[in-house]
Amino acid sequence: AQSVAQPEDQVNVAEGNPLTVKCTYSVSGNPYLFWYVQYPNRGLQFLLKYITGDNLVKGSYGFEAEFNKSQTSFHLKKPSALVSDSALYFCAVRDMDNTDKLIFGTGTRLQVFP
Amino acid sequence: GAVVSQHPSRVICKSGTSVKIECRSLDFQATTMFWYRQFPKKSLMLMATSNEGSKATYEQGVEKDKFLINHASLTLSTLTVTSAHPEDSSFYICSAPRPPGNIEAFFGQGTRLTVV
């Protein structure tokens with residue numbers, strides 16, 4: 001069965017420092033991977049996706065993610081965190097048995113301190 | 001870009017009443033939409049898949065008579081919480097995969113339901 005794990009409930013980082021939000025996946029075949037961000041009382045906003053091609057994917061708001069097939073990981077990164085990046089981040093993988101359905105991780109709350 | 005609009009963003013209702021939440025795809029047609037429920041500080045729980053022109057597919061443990069889903073057109077799906085109870089209070093979010101290929105999903109703004 002397909003699954004996604006986000007091992008950290010919360011990540012704290014000082015403004016200006018690099019940030020990493022971790023995600024690992026388990027799928028059969030080649031994965032379609034996604035990162036979404038959620039601000040309080042809002043829906044999810046798409047950040048970036050990996051389908052195929054270059055392992056380093058660049059997305060919105062300066063975020064990027066690296067697909068690592070050997071480690072089955074898709075960690076979200078940003079070189080310099082902003083206080084406004086504080087939000088809830090979700091990693092997701094497409095359910096290969098149902099190509100329209102997304103399987104979400106449990107979410108990681110990112111807190112960026114000034 | 002593609003946009004999904006959800007309405008209302010916030011609703012308060014009395015126990016025993018029904019509440020309807022709308023999800024619209026504004027600039028694309030969606031044969032499939034998804035309805036999620038999110039508990040505080042928790043991930044998204046997929047409730048059901050809304051299929052245009054046919055019955056919705058509910059996830060295990062979700063009461064279909066409690067959470068009525070209607071996908072009446074290619075741009076509109078509705079979720080009706082019937083005979084609402086305080087334990088139905090939650091944040092409900094819809095999403096629609098964007099054609100072509102339906103690889104990327106767009107999400108509505110969410111609806112905060114409070115049952116008093």
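The residue numbering used here restarts from 1 in each chain and proceeds along that chain's sequence as written. Working convention: letters from A go to chains and numbers from 1 go to ligands, in the order in which they are written. Residues qualify for local features only when their pLDDT is at least 70, as the model is predicted, and side-chain atom pairs are given and counted only at 80 or more; totals for whole chains, interfaces and linings, by contrast, use all residues. Computation of side-chain values covers all heavy atoms of the structure but excludes hydrogens and water.

Colleague: Describe the overall build of chain B, with residues and values.
Modeller: The helix and strand tally for chain B stands at zero helices and 11 strands. In this description a helix means any DSSP run of H or I spanning at least four residues, a strand means any run of E spanning at least two, and both kinds are numbered starting from the N terminus. Listing each helix as α and each strand as β along chain B from the N terminus yields β-β-β-β-β-β-β-β-β-β-β. The principal-axis extents of the C-alpha atoms in chain B amount to approximately 40 × 25 × 20 Å. Burial classification: accessible surface area is computed with a 1.4 Å probe over protein chains only, and a residue below 20% of its type maximum counts as buried, one above 50% as exposed, and the rest as partly exposed. Relative to its full complement of 116 residues, chain B shows a buried share of 53%. The contact definition used throughout considers only heavy atoms, calling two residues in contact when any of these lie within 4.5 Å. Taking as baseline every contact in chain B between residues at least 6 positions apart, the subset at least 24 positions apart corresponds to 52%.

Colleague: An account of the interface of chain B and chain A is needed here, citing residue identities and associated values.
Modeller: Taken together, the contact pairs 23 residues of chain B with 21 residues of chain A. Using a 1.4 Å probe, buried area is obtained as the accessible area two parts lose upon being combined, added over both of them. By the criterion of area lost to chain A, the three top residues of chain B are Ile103, Glu104 and Phe107 of chain B, representing 30% of everything that side buries. In the sections that follow, a salt bridge refers to a side-chain nitrogen of Lys or Arg positioned within 4 Å of a carboxyl oxygen of Asp or Glu. Put simply, chain B and chain A have two salt bridges between them. Between Glu104 of chain B and Lys49 of chain A there is a salt bridge, and its shortest N-O distance comes to 3.2 Å. Any N or O atom pair separated by 3.5 Å or less is treated as a polar contact, with the protein-specific requirement of one donor-capable and one acceptor-capable atom, and with residues adjacent in sequence counted only for side-chain atom pairs. At the boundary of chain B with chain A, the tally comes to seven residue pairs in polar contact (both at pLDDT 80 or more). Elements with a minimum of two residues in the side of chain B that touches chain A: β4 (32–38), β5 (44–51), β9 (90–97) and β10 (105–107) of chain B. Residue classes in the side of chain B that touches chain A are distributed as 10 nonpolar, eight polar and five charged. The nonpolar class holds Ala, Val, Leu, Ile, Met, Phe, Trp, Tyr, Cys and Pro. Asp, Glu, Lys and Arg form the charged class, and all remaining residues, Gly among them, are polar.

Colleague: Tell me what's going on with the state of the cysteines, and back it up with residues and numbers.
Modeller: Each disulfide is one covalent bond, formed between the sulfur atoms of two cysteines. Residues and elements named next belong to chain A. Defined by distance alone, a disulfide is two cysteine sulfur atoms within 2.5 Å. Inspection of every chain in the model, using the stated rule, returns two disulfides over all chains. Disulfide partner of Cys23: Cys91, at an S-S distance of 2.0 Å. Residues Cys23 and Cys91 are joined through a disulfide that is left-handed, its torsion about the S-S bond being -65 degrees. One end of the pair, Cys23, is in the loop between β3 (19–21) and β4 (24–26); the other, Cys91, is in strand β10 (residues 87–94), and 68 residues separate them in sequence.

Colleague: Help me get a handle on the pattern of salt bridges, residues and values and all.
Modeller: Taken as a whole, this structure holds seven salt bridges over all chains when the rule is applied. Residue Lys78 of chain A is joined to Asp85 of chain A by a salt bridge in which the shortest nitrogen-to-oxygen separation is 2.8 Å. What makes Asp85 of chain A buried here is its relative accessible area of 4%. A salt bridge links Glu22 of chain B to Arg24 of chain B; its shortest N-O distance comes to 3.5 Å. When its relative accessible area of 25% is taken as the criterion, Glu22 of chain B is described as partly exposed.

Colleague: Please provide a residue-by-residue account of the side chain of Thr82 of chain B, values included.
Modeller: Residue and element names in this part refer to chain B. Position of Thr82 among the secondary structure elements: in the loop between β8 (76–81) and β9. Overall, Thr82 belongs to the buried group, its relative accessible area being 17%. In contact with Thr82, not counting residues within four places along its chain, are Thr17, Ser18, Asp65, Lys66 and Leu68.

Colleague: So, the sheet that holds β8 of chain B: which residues are in play, and what are the values?
Modeller: Residue and element names in this part refer to chain B. The strand order across the open sheet built from four strands is β1-β3-β8-β7, with neighbouring strands paired in antiparallel fashion. Across the chains shown, the open sheet's two edge strands, defined by having one partner strand only, are β1 (4–7) and β7 (67–73). Averaged over all pairs of adjacent strands, the angle between strand axes in this sheet comes to 15 degrees, irrespective of strand direction. At least two DSSP bridges between two strands are needed for those strands to be called paired. Bridge count between β7 and β8: five bridges; the pairing is antiparallel. Its bridge partner being in β8, Ile69 is matched across the sheet by Leu79. Working convention: axes come from line fits to C-alpha atoms, limited for helices to the stretch in contact. Angles between N-to-C directions cover 0 to 180 degrees.

Colleague: Give a description of the environment of Val62 of chain B that names residues and reports values.
Modeller: All names here are of chain B. In this structure, Val62 sits in the loop between β6 (57–58) and β7. For the pair Val62 and Leu46, spaced 16 residues apart in sequence, the C-alpha separation works out to 9.3 Å. In this structure Val62 touches Met45, Met47 and Phe67, once residues within four positions along its chain are discounted.

Colleague: Hey, could you go over the nonpolar core for me, with residue numbers and the actual values?
Modeller: The biggest cluster of nonpolar side chains holds 28 residues, and the ones touching the most others in it are Trp35, Leu47, Leu48, Phe74, Leu76 and Tyr89 of chain A. Among the elements of the structure, β2 (10–14), β3, β5 (33–38), β6 (44–50), β8 (64–68), β9 (73–78), β10 and β12 (108–113) of chain A are those that each provide at least two residues to this core. When residues in this core are grouped by element, the largest group, four residues, is from β10 of chain A. We call a set of buried Ala, Val, Leu, Ile, Met, Phe, Trp, Tyr and Cys residues a nonpolar core when their side-chain atoms join them within 4.5 Å. Residues Trp35, Val81, Tyr92 and Cys94 of chain B belong to the second largest nonpolar core, which totals 26 residues.

Colleague: Explain the pairing of strand β2 (residues 10–13) of chain B residue by residue, including any values.
Modeller: All names here are of chain B. Residue alternation in β2 divides its side chains into a buried set, Val11 and Cys13, and an unburied set, Arg10 and Ile12. Bridge analysis of β2 against strand β11 (residues 111–115) gives four bridges, and the strand direction is parallel. Its bridge partner being in β11, Ile12 is matched across the sheet by Thr114.

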